[in-house]
Amino acid sequence: MTRFWIAFMVSLTCAGSAWAAFTSITNLRYQTGTEPRQVLDIHRPSPLPATPMPVILWIHGGGWLTGAKDPAPQINEITNAGYVLVAMNYRYSSTAPFPAQIQDVKAAIRFLRANATTYNLDPSRIGVWGQSAGAHLAALAAVTSGMSQTTLGQPFDVGANLSVSSAVQACVAFATPSYVGDAPVGDTTVSTYLGGLLPFAGQAQIVLPLPPTASLAGATLYFQIADLEFDLLGNI
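Calculation criteria
- Residues numbered from 1 in each chain as written.
- Predicted model: local features only at pLDDT ≥ 70, side-chain atom pairs only at ≥ 80, totals over all residues.
- Heavy atoms only, no water.
- Helix = DSSP H or I, 4+ residues; strand = E, 2+ residues; numbered from the N terminus.
- Buried < 20%, exposed > 50% of the residue type's maximum accessible area, 1.4 Å probe, protein only.
- Contact = heavy atoms within 4.5 Å.
- Polar contact = N/O pair within 3.5 Å; in protein donor to acceptor, adjacent residues only side chain to side chain.
- Salt bridge = Lys/Arg side-chain N within 4 Å of Asp/Glu carboxyl O.
- Expected span 1.5 Å × (residues − 1).
- Core = buried A, V, L, I, M, F, W, Y, C linked by side-chain atoms within 4.5 Å.

Trainee: Could you give an account of the overall build of the chain, with specific residues and numbers?
Mentor: Helix and strand counts for the chain come out as six helices and nine strands. Looking at the 236 residues of the chain, the share that counts as buried comes to 49%. Counting contacts in the chain only where the partners sit at least 6 residues apart, residues at least 24 apart contribute 78% of the total.

See the structure below:
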């Protein structure tokens with residue numbers, strides 16, 4: 001999947017003088033129930049090509065408790081490069097703490113894969129892209145591909161479309177919160193995200209195990225982080 005990732009990065013950094021048109025399908029529900037945050041938008045090139053298109057799933061930032069899917073970034077650049085840009089909302093940590101956010105991301109991935117034919121998507125080429133808290137979730141989705149649950153027994157995949165995989169083939173994570181273990185004692189953003197777990201004295205490290213190296217082999221990963229520690233996972 002290296003070529004997929006390289007083209008993905010080029011599409012994020014190169015500008016053009018003229019853009020092809022795109023069309024948007026908004027507020028599609030990717031999960032069962034009536035939670036208003038569990039919706040996504042699909043932005044596709046227009047006219048649609050004959051062959052299925054690779055997908056970039058954008059995950060917004062905001063400390064896991066603010067932010068929104070729109071306006072989605074760089075729609076023109078991405079759709080003009082032949083990709084589908086999907087922008088999703090997820091539940092805020094103030095109403096549903098971890099692992100609700102990563103469960104939503106994985107549910108959105110399953111929705112896209114299960115409905116690939118409907119929306120002319122390539123289910124074998126789904127990448128995730130995020131910034132800040134969204135980068136954390138994008139990276140977490142990538143490194144937990146193939147893992148079924150946290151070490152506390154919380155499942156990653158819940159709800160709709162459980163017959164399809166939530167694995168991704170590429171990940172780009174910018175300004176990634178890569179380690180919460182040294183967050184200040186009074187950091188309410190992190191403790192809210194972790195559902196009251198304090199991000200010190202090793203408590204944050206009990207949520208997820210370090211994934212086996214084999215689980216990382218299927219995806220191309222780019223993490224823009226200051227160190228090589230990934231929060232809730234340990235060292236990678």
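Trainee: With reference to specific residues and values, describe the side chain of Lys69.
Mentor: Its place among the elements puts Lys69 in the loop between β3 (53-59) and α2 (75-80). Since its relative accessible area comes to 4%, Lys69 is described here as buried. A distance of 3.1 Å separates polar atoms of two side chains, one belonging to Lys69 and the other to Asn27. Setting aside chain neighbours within four positions, we find Lys69 in contact with Asn27, Val39, Leu40, Asp41, Trp58, His60, Ala87, Met88 and Asn89.

Trainee: Could you give an account of the pattern of salt bridges, with specific residues and numbers?
Mentor: Scanning the model with the defined rule gives five salt bridges in all. For Asp157, the salt bridge goes to Arg110, with nearest N and O atoms at 2.7 Å. With Asp157 in the loop between α5 (133-143) and β6 (170-174) and Arg110 in helix α3 (residues 100-114), this residue pair connects regions lying 47 residues apart in the sequence. Judged by relative accessible area, which is 0%, Arg110 ranks as buried. With a closest N to O distance of 2.9 Å, Asp122 and Arg125 form a salt bridge. In the salt-bridge network here, residues are joined through shared partners; they are Asp41, Lys69 and Asp70.

Trainee: Go over α3, please, and point to the residues and values.
Mentor: Between its first and last C-alpha, α3 extends 21 Å over 15 residues, near the 21 Å set by a 1.5 Å rise per residue. Of all the 15 residues making up α3, 14 are buried; the element is thus mostly covered by neighbouring parts of the structure.

Trainee: Give me the lowdown on unusual backbone geometry, citing residues and values where you can.
Mentor: Residue Asp70 is joined to Pro71 through a cis peptide bond whose omega torsion reads 5°. The amide bond that connects Phe98 to the next residue, Pro99, takes the cis arrangement and shows omega of 10°. Looking at where Pro99 falls in the secondary structure, it is placed in the loop between β4 (84-88) and α3. Its identity is not glycine, yet Asn161 carries a phi of approximately 60°, on the positive side. Mapping Asn161 onto the fold places it in the loop between α5 and β6.

Trainee: Run through the side chain of Asp104, naming residues and quoting values.
Mentor: As for its placement among the helices and strands, Asp104 is situated in helix α3. Not counting residues up to four positions away in its chain, the partners in contact with Asp104 are Tyr30, Gln38, Met88, Tyr90 and Arg91.

Trainee: Run through the environment of Ile102, naming residues and quoting values.
Mentor: Mapping Ile102 onto the fold places it in helix α3. Between the alpha carbons of Ile102 and Gly134 there is a distance of 9.9 Å; along the sequence they are 32 residues apart. When neighbours within four sequence positions are excluded, Ile102 is seen to be in contact with Leu137, Leu140, Ala141 and Phe156.

Trainee: Please provide a residue-by-residue account of the nonpolar core, values included.
Mentor: Judged by nonpolar contacts, the single largest core of 42 residues is most densely connected at Leu40, Ile59, Met88 and Leu112. For this core, the element with the most residues is α5, which contributes eight residues. In this view, Ile59 contacts Met88, Tyr90, Val105, Val128, Trp129, Gly130, Gln131, Gly134, Leu137 and Ala138; residues no more than four positions away in its chain are not counted. Ala72, Leu85, Ala87 and Val172 belong to the second largest nonpolar core, which has 10 residues in total.

Trainee: Residue-level account of the environment of Thr51, with values.
Mentor: Turning to its location among the elements, Thr51 is positioned in the loop between β2 (39-46) and β3. For the pair formed by Thr51 and Leu121, sequence separation is 70 residues and the distance between their alpha carbons is 8.4 Å.

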